[in-house]
Amino acid sequence: MGPVQDVAADTHDTLLANWRATWATLGLSSSPALFGTLMTAWAEPQRHYHSLQHLAECIAWFEREKDAAERPAEIALALWFHDAIYDVHAHDNEERSADWARDALITAGVSVDAAARIHSLILATRHDAVPEGHDAKLLVDIDLSVLGAPTERFDEYERQIRAEYAHVPPEVFEPRRRNILRHFFDRDPLYATPGMHAACEAQAKLNLRTAIG
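Residues numbered from 1 in each chain as written. Predicted model: local features only at pLDDT ≥ 70, side-chain atom pairs only at ≥ 80, totals over all residues. Heavy atoms only, no water.

### Some remarks on the side chain of Arg47
Part 1: Looking at the element boundaries, Arg47 is found in the loop between helix H2 (32-42) and helix H3 (52-65).
Part 2: Judged by relative accessible area, Arg47 falls into the buried class, the value being 1%. (Helix = DSSP H or I, 4+ residues; strand = E, 2+ residues; numbered from the N terminus. Buried < 20%, exposed > 50% of the residue type's maximum accessible area, 1.4 Å probe, protein only.)

Here's what the structure looks like:
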């Protein structure tokens, strides 16, 4: 994705509407400055998959599934921040993103308890453990929605991931990538929430089987 000014107007408007509605749900005024900072972060040039496209897709799934959430506004804010820091050479992007979220949200008026829950939700997107709690499961399912996307989008996603790691030689990247995809393929079920499972599980298993094979 290119610079923020190149984002399609409808995508920008959809994200802005979600941002404002999320803060309204919390009974707080949204921060235009924080919105702008996040949009700029998601549009950084090193991003090919972890971009505004991914954020917009996550928000679209959230809007579809939010009635199943226990604290929908907290899931929405976790989505906004979950890849807000993305350095392809780092291994602590989720931790740094979670810390940024907690500090920025408290500054903006979010309660300490809510900010702590959002911090924990973001850490669940490391995908290094089975998420605990319904909202964490829903957040993780949404983050992994691309695995169950139509074949064309899944193939694009794989190309985007490769582009982000263009500095890694094929003989290193390819076996590591297969191991990551196999990890998700072996999860049964892959999607823990009913709506996401019904919508994505079968296609995800097909996509992953093809990619691994």
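### Topic: the environment of Ala192
Part 1: Tracing the sequence through the fold places Ala192 in the loop between helix H9 (170-186) and helix H10 (194-212).
Part 2: Judged by its relative accessible area of 44%, Ala192 falls in the partly exposed class.
Part 3: Residues Ala192 and Cys58, spaced 134 residues apart in sequence, show a C-alpha to C-alpha distance of 16 Å.
Part 4: Not counting residues within four places of it along the chain, the set of residues in contact with Ala192 comprises Lys137 and Asp141. (Contact = heavy atoms within 4.5 Å.)

### Some remarks on the confidence of the model for the chain
Part 1: Here the chain averages 96 in pLDDT, and 97% of its residues register 70 or above.
Part 2: Per-residue pLDDT stays below 50 along residues 1-5; that stretch engages in 11 contacts with residues further than four places along the chain or on separate chains. (pLDDT = per-residue confidence, 0-100.)

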